[in-house]
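Notes for the structure review
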Amino acid sequence: MKHENSQFKHIDYAVTEVEKGNDPYPLIVEIQPSDKCQYLCSYCFHKGFGRTPYDNEEELFDGYERLFNEMRDLGINNLSISGGGEPFFNPRTSEIVNEAHRRNLIIRMVSNGRSVKGPDLQALLLCDEVRFSVDAAYPHTYAAIKRCSTYDFHYVISNIEKLAQKKTASHSSTVIATTFIVTNDNHAEAVDYIELATSLGVDRIIYKPNIYGNSTEVCAKLQCLDSIYHARRQIEVRKCMDILPAGNPCYIPYFKVTVDPFGIMHSCCLGSQPRDENGYRLGSLKDASLKDVWDASIMIRRSMRIAGVNCRKCNYTDYSINKRIEERKGMRVGSNRGKGKA
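Residues numbered from 1 in each chain as written. Predicted model: local features only at pLDDT ≥ 70, side-chain atom pairs only at ≥ 80, totals over all residues. Heavy atoms only, no water.

Burial of strand E3 (residues 106-111) is extensive: five of the six residues sit out of reach of the surface. For the handedness criterion, the β-α-β arrangement of strand E2 (residues 78-81), helix H4 (residues 93-102) and E3 is classed as right-handed. Inspection of the sheet shows E3 paired to strand E4 (residues 129-133) by four bridges, in the parallel sense. The partner of Val-110 across the bridge, within E4, is Arg-131. (Buried < 20%, exposed > 50% of the residue type's maximum accessible area, 1.4 Å probe, protein only. Helix = DSSP H or I, 4+ residues; strand = E, 2+ residues; numbered from the N terminus. Right-handed = clockwise from strand over helix to strand, strands pointing away. Pairing = 2+ DSSP bridges.)

Right, let's talk about the nonpolar core for a bit. Core analysis: the biggest nonpolar cluster contains 85 residues, and Ile-31, Leu-67, Phe-68 and Tyr-207 have the highest contact counts within it. Those residues in contact with Phe-68 that sit more than four places away from it in its chain are Ile-31, Leu-79, Ile-96, Glu-99, Ala-100, Arg-103 and Leu-105. (Core = buried A, V, L, I, M, F, W, Y, C linked by side-chain atoms within 4.5 Å. Contact = heavy atoms within 4.5 Å.)

Under the 1.5 Å per step criterion, the end-to-end length of helix H9 (residues 216-229) is 20 Å for 14 residues, consistent within 8% with the ideal 20 Å. Among the residues of H9, Val-218, Leu-222, Leu-225, Asp-226 and Tyr-229 are the ones counted as buried. Projected onto a plane normal to the axis of H9, the buried residues spread over an arc of 100 degrees and lie on a single side. Those residues of H9 that are buried lie in contact with helix H8 (190-200), strand E6 (204-208) and strand E7 (235-237). (Expected span 1.5 Å × (residues − 1). Arc of directions from axis to C-beta.)

Before going further, it helps to spend a moment on the pairing of E6. When you tally the buried positions in E6, you get four out of five residues, the bulk of the element. Here strand E5 (residues 175-181) runs beside E6; their pairing, made up of five bridges, is parallel. Paired with Phe-180 across the two strands is Tyr-207, which belongs to E6. Taken together, E5, H8 and E6 form a β-α-β motif whose crossover is right-handed. Where E6 lies against E7, three bridges are found, and the strand directions are parallel. Bridge pairing in E7 places Ile-206 opposite Glu-236. The β-α-β motif built from E6, the intervening H9 and the parallel element E7 has right-handed crossover chirality.

This is the structure in structure tokens:
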């Protein structure tokens, strides 16, 4: 997907700049308008509820327009809208998308689709990429995984189909994708899901493992899916891998930082999740500008790179980026050693 590919392409630039002694700004800023969610997904880290039961909107970060202006001024053109919860639980999310679009930011949206209302569909077509978390081919499985009713499945599927129809009618270039986190509850219908997603007009299907742990059956299913569908551009399969970040160098803030619903900027998307103990807090955008928070947190990033991180878990893409950087450095060290011996 574009979001991940842009980060992999950014590796050479980011590492080269750091090696020169520079401190380049992140490629992407991710915002999380809400950490509330109506679902209780079996694989989720916080089982449906955020870190605080906020009812007062004054608790939420309201400086998005200022943040977007500063991103543009600093040359940060990529915005991801995701969540420790469902973004559309915040009633301002469509307005936030519109404000970002007015500033010509490249927008990626991740949503479960359940809180998306009719008027929100038009805002979604302003995004470069929209990614829906579905995780099931059939209503009963969807209800079991997300602890909801089968009606919710039909509502989400209808929203995806409507968005695809609007995309076609408006000749929009928005990429519509769906994700399917493979678990013990749904792995038997992973192949059936392709037929459903294709019938809805989805552009991309992403199969993912659960970063918090997978069974042998799940890993075997992902391996099988990859062997069958690796040549189909529409389908991406992320296979199981051992994610062990503790003690390893981390460069992720140069690729993406994440702002939680309360304006706190974190070193990664896991660090901003409710009740998650990974990642590092960089500072508050309620109290300072993005530039000020970035400059003030330089020693945190330096420690992450040199001393390594204390994280127990890591996002799949983030871990892959760090592994590629490690391999890149290893190849360069090996090359230099070879020259020295000569």
